[in-house]
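Per-entry structural report
The primary structure of each chain is shown beneath.
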Amino acid sequence: RISIPDGIDALYWWGLIMPGEKKPFWKTRDKNTSQIVPAGSYTIWWHQKQHGSQPVILQTVNIQPGMLTDVVLNTGINPLPAEWLNTKPYYYGLKAESGELLGKWRHYTPQLAPAGTYKLIIRPTEHHHSEIIWGDVTIENNNFTEISLNSGLKFNHSDGAKPPYRIYLTNLDSNEEIVAK
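If you're wondering where the values come from, they're calculated on a predicted model, not measured in any experiment. (Residues numbered from 1 in each chain as written. Predicted model: local features only at pLDDT ≥ 70, side-chain atom pairs only at ≥ 80, totals over all residues. Heavy atoms only, no water.)

1. Some remarks on unusual backbone geometry
Negative phi is the rule for most residues except glycine; trans is the rule for most peptide bonds. Phi angles above zero are rare outside glycine, and Asn142 is one such case at about 60 degrees. Mapped onto the secondary structure, Asn142 falls in the loop between β12 (132–139) and β13 (144–149). Located in the positive-phi region is Asn175, a residue other than glycine, with phi close to 65 degrees. Mapping Asn175 onto the fold places it in the loop between β14 (167–170) and β15 (177–180). For Asn175, a relative accessible area of 62% translates into the label exposed. (Helix = DSSP H or I, 4+ residues; strand = E, 2+ residues; numbered from the N terminus. Buried < 20%, exposed > 50% of the residue type's maximum accessible area, 1.4 Å probe, protein only.)

This is the structure we're talking about:
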């Protein structure tokens, strides 16, 4: 039986993955209902929304024979967008040190994610933007790490002037380029 904290949106699917596999052998949409599953060690697979998120591999669970195992999922991120931010991104996500995308989402709501240190990336729009590396994020067990998204840039141009087609920004510390339109 899976329990999640208040504030997590209703899920689309969750399931279990066998060791060494990438896809769940079993999945359901019920979260507070006891489920029958063979005893063994599995990884929890979580898909928050049908559209606007991708499945995330969360944590290992050991199911013992002859008993019901309760699992509390209470680790993740809580993005806090600035009040002046009036659009949602194409996606934001977490990348592991290997460069593997751990999860990505479109909604600024608390999201389940495994404990660890990751790079937070944001892609503002589908086209005309590159991924922006926001910085490192450390998620601790049994905690939702708050991420403040509160810095930005706005160009004002003269009335009647044609806005630029594209803007390139270069991070002077890392020499990485951000493309914005």
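What follows picks up the thread again.
2. Thoughts on the sheet that holds strand β8 (residues 91–95)
If you walk across this open sheet you meet the 4 strands as β9-β8-β11-β12, and the pairing is antiparallel. Each of the sheet's edge strands pairs with one partner strand only, and the pair in question is β9 (101–105) and β12. Averaged over all pairs of adjacent strands, the angle between their axes in this sheet comes to 25 degrees, without regard to strand direction. Across 5 bridges, β8 lies against strand β11 (residues 116–123) in antiparallel orientation. (Pairing = 2+ DSSP bridges. Axes fitted to C-alpha atoms, helices over the stretch in contact; angles between N-to-C directions.)

3. What about the layout of surface pockets?
Approximately 1000 Å³ is the volume found for the largest pocket. Lining the largest pocket we find 29 residues, and of these Pro124, His129, Ile132, Gly152 and Leu153 sit closest to its centre. Every element with two or more residues in the lining of the largest pocket is listed here: β12, β14 and β15. A per-class count over the lining of the largest pocket returns 18 nonpolar, 7 polar and 4 charged. Approximately 300 Å³ is the volume attributed to the second largest pocket. Contributing to the lining of the second largest pocket are 13 residues, with Lys22, Pro55, Ile57, Glu100 and Leu102 lying nearest its centre. Of the residues that constitute the lining of the second largest pocket, the class distribution is 9 nonpolar, 1 polar and 3 charged. (1 Å grid on protein atoms, 1.4 Å probe; cavity = no way out; pocket = protein on both sides within 12 Å on 5 of 7 lines; lining within 4 Å. Points joined across faces, edges and corners; volume = space filled by probe spheres on them. Nonpolar A, V, L, I, M, F, W, Y, C, P; charged D, E, K, R; others polar.)

4. Some details on the sheet that holds strand β10 (residues 111–112)
Within the open sheet, the 3 strands sit side by side as β10-β7-β13. Their pairing is mixed. Looking at strand neighbours, the two that pair on one side only are β10 and β13, the edges of this open sheet. With 2 bridges joining them, strand β7 (residues 76–81) and β10 adopt antiparallel strand pairing. Counterpart to Gly76 in the pairing with β10 is Leu112.

5. Points about the pattern of salt bridges
Scanning the entire structure with this criterion turns up 2 salt bridges. Glu131 is the salt-bridge partner of Lys95, the closest N and O atoms lying 3.0 Å from each other. Of this pair, Lys95 sits in strand β8 while Glu131 is found in the loop between β11 and β12, placing the two residues 36 residues apart along the sequence. Using a relative accessible area of 23% as the deciding quantity, one classes Lys95 as partly exposed. Accessibility expressed as a relative area gives 27% for Glu131, which makes it partly exposed. Ionic pairing is found between Asp136 and Lys119, a salt bridge with its closest N-O pair at 2.8 Å. Of the two residues, Asp136 is situated in strand β12 and Lys119 in strand β11; the sequence distance between them amounts to 17 residues. With relative accessibility at 56%, the residue Asp136 sits in the exposed group. Taking relative accessible area as the criterion, Lys119 reaches 37% and is therefore assigned partly exposed. (Salt bridge = Lys/Arg side-chain N within 4 Å of Asp/Glu carboxyl O.)

Worth remembering: the numbers are spatial, not functional.
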